[in-house]
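The primary structure of each chain is shown beneath.
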Amino acid sequence: MAADPVIEVDSLTKRYDKTTAVDGLSFTVTGGSVVGLLGANGSGKTTTMRMLLGLAAPTTGRATIGGRPYAAIPHPAREVGAVLDAAQFHPGRTGRNHLRVFAKAADVPKTRVDALLAQVDLEDAARKRVGKYSLGMRQRLALATALLGDPRVLVLDEPANGLDPHGIRWLRDFLRAQRDEGRTVLLSSHVLAEVAQVVDHVVVLAKGRLVAQGAVDEIAGTGTLEDAFLKLTGDTR
Ligand SMILES: Nc1ncnc2c1ncn2[C@@H]1O[C@H](COP(=O)(O)OP(=O)(O)OP(=O)(O)O)[C@@H](O)[C@H]1O
Ligand SMILES: [Mg+2]
């Protein structure tokens, strides 16, 4: 049940020419939890998620969702929702049309589209072209797209990026709601403060390696959360 590992990353390594983007990384995400994958810019968060989603092949090691590599999941849209780059929309489509197109591709009834638009607070912008959306609106549309197939697992790369304080609060409420509905969420951030209030557990990367994992208060220890985070992630600027 709730304690089952849903996402398993096992000795995962990705090398590009001279760069080791991810270096022997292992961690698990248990069902029904929200886990933050944290690290400075370039620490390997996106690369880890890309391997988890079958968009990049590991050099060595394995990443699975529900016990299977992404490519072996029979109906991936129904199992995993992902947001890797919120900017990739056809600018001439309305938000509603975008979701309808993706609903069709994922074999999801189009009646779900309006419910999802409401869920991400885009009802008023549903008939507006995506090219005219603000960054926060695009982020929310990307979340709605990820939820189309009613997946049990969400993988979100920097969902708080570029959001204003209202947007960040909205995102936290959204994430809590996802957890309350029993979904498992892995999200990345390079700003601990954005996610500290909502994650159950953090996995901290520096230069592709795991440097710490645990509950947020364990990571903070007796000092401030920010100090602990900067120390762990090796920011010496
Ligand atoms: N396709 C690629 N080819 C070569 N190097 C890459 C490639 N993708 C990522 N890298 C390198 O791997 C390292 C990790 O990059 P990655 O994008 O995973 O970091 P990140 O933690 O997501 O950073 P950010 O917080 O800036 O999004 C970086 O040094 C990056 O330059
Ligand atoms: Mg990234």
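The structure this text deals with has already been given above.
Residues numbered from 1 in each chain as written. Chains lettered and ligands numbered in written order. Predicted model: local features only at pLDDT ≥ 70, side-chain atom pairs only at ≥ 80, totals over all residues. Heavy atoms only, no water.

Peer 1: Explain the pairing of strand S8 (residues 201–206) residue by residue, including any values.
Peer 2: Buried residues dominate S8, accounting for five of its six residues. By the bridge criterion, five bridges tie strand S3 (residues 34–39) to S8 in an arrangement that is parallel. Bridge pairing in S8 links Gly36 to Val202. The pairing of S8 with strand S9 (residues 209–214) spans five bridges and is antiparallel. Residue pairing across strands places Val204 opposite Ala212, the latter belonging to S9. Joining the antiparallel neighbours S8 and S9 is a turn of two residues, in which Lys207 adopts a positive phi near 50 degrees. (Buried < 20%, exposed > 50% of the residue type's maximum accessible area, 1.4 Å probe, protein only. Helix = DSSP H or I, 4+ residues; strand = E, 2+ residues; numbered from the N terminus. Pairing = 2+ DSSP bridges.)

Peer 1: So what about the site of ligand 1? Which residues, and what values?
Peer 2: By nearness alone, every residue bordering ligand 1 is listed as Tyr16, Thr19, Ala21, Ala40, Asn41, Gly42, Ser43, Gly44, Lys45, Thr46, Thr47 and Glu158. Contacts to ligand 1 include Ser43, whose backbone N or O atom sits 3.1 Å from an oxygen atom. In this structure, Lys45 approaches ligand 1 through a side-chain N or O atom, which is 2.7 Å from an oxygen atom. A total of 640 Å² of accessible area belongs to ligand 1 in isolation, and the protein chains cover 60% of it. Counting residues per element, the shell around ligand 1 draws most heavily on helix H1 (residues 45–52), at three residues. Taken together, the residues of the shell around ligand 1 break down into three nonpolar, seven polar and two charged. (Near = heavy atom within 4 Å. Polar contact = N/O pair within 3.5 Å; in protein donor to acceptor, adjacent residues only side chain to side chain. Areas by Shrake-Rupley, 256 points an atom, 1.4 Å probe, with all protein chains shown as cover. Nonpolar A, V, L, I, M, F, W, Y, C, P; charged D, E, K, R; others polar.)

Peer 1: For the side chain of Ser188, give the residues involved together with the corresponding values.
Peer 2: Structurally, Ser188 can be placed in strand S7 (residues 184–189). A distance of 2.9 Å separates a polar atom in the side chain of Ser188 from the backbone nitrogen of Glu158. Residues contacting Ser188, with those up to four places away along its chain left out, are Leu37, Lys45, Met49, Leu156, Asp157, Glu158 and Pro159. (Contact = heavy atoms within 4.5 Å.)

Peer 1: Quick rundown of the packing of aromatic side chains? Include the residues and the values.
Peer 2: Under the counting rule described, the total for this entry stands at one aromatic pair. Measuring from ring centre to ring centre gives 5.3 Å for Trp170 and Phe174, while their planes differ by 15 degrees; the resulting arrangement is stacked. Of this pair, Trp170 and Phe174 both sit in helix H6 (residues 165–180), four residues apart, roughly one helical turn. Under the relative-accessibility criterion, Phe174 is labelled buried at 5%. A cation over a ring is seen here: Arg140 above Trp170, with NZ or CZ 5.8 Å from the ring centre. (Phe/Tyr/Trp six-rings, centres within 6.5 Å; stacked < 30°, edge-to-face > 60°. Lys NZ or Arg CZ within 6 Å of the ring centre and 35° of its normal.)

Peer 1: Mind laying out the pattern of salt bridges, listing which residues take part and the relevant values?
Peer 2: In total, this model carries eight salt bridges according to the counting rule given. Linking Arg176 and Asp173 is a salt bridge whose minimum nitrogen-to-oxygen distance equals 3.4 Å. In this pair, Arg176 and Asp173 both sit in helix H6, three residues apart, roughly one turn of the helix. Classification of Asp173 by relative accessible area gives partly exposed; the value is 43%. (Salt bridge = Lys/Arg side-chain N within 4 Å of Asp/Glu carboxyl O.)

Peer 1: Lay out the environment of Ala82 in plain terms, naming residues and giving numbers.
Peer 2: Following the sequence through the fold, Ala82 ends up in strand S5 (residues 80–83). The class for Ala82 is partly exposed, based on a relative accessible area of 35%. As a C-alpha pair, Ala82 and Leu225 span 143 residues in sequence and 28 Å in three-dimensional space. Look past the residues within four positions of Ala82 in its chain and what remains in contact with it is Leu53, Ala146 and Val155.

Peer 1: Report on a positive patch on the surface, specifying residues and quantitative values.
Peer 2: Judged by side-chain charge, Arg100, Lys104, Lys110 and Arg127 come together as a positively charged surface patch. Taking the relative accessible area as the measure of exposure, Lys110 reaches 53% and is therefore exposed. (Patch = residues over 30% accessible without salt bridge, like charges linked within 9 Å, V, L, I, M, F, W, Y side chains within 5 Å. Lys, Arg positive; Asp, Glu negative; His and termini not counted. Charge placed at Lys NZ, Arg CZ, Asp CG, Glu CD.)

Peer 1: Explain the packing of helix H3 (residues 95–105) against helix H5 (residues 135–147) to me, using residue names and the numbers behind them.
Peer 2: Packed helices, taken two at a time, are described by their axes: the angle between them and the distance between them. Interaxial distance between H3 and H5 falls to 10 Å at its minimum, and their mutual angle equals 25 degrees. Judged by the inter-axis angle, H3 sits roughly parallel to H5. H5 is crossed by H3, and the crossing has right-handed handedness. Residues Gly95, His98, Leu99 and Phe102 of H3 touch H5, and the partners they reach there are Leu141, Ala144 and Thr145. Looking at the contact of H3 with H5, its residues break down into four nonpolar, three polar and no charged. (Axes fitted to C-alpha atoms, helices over the stretch in contact; angles between N-to-C directions. Parallel < 35°, antiparallel > 145°, perpendicular 65-115°, else oblique. Left-handed = near helix turned anticlockwise from the far one by under 90°.)

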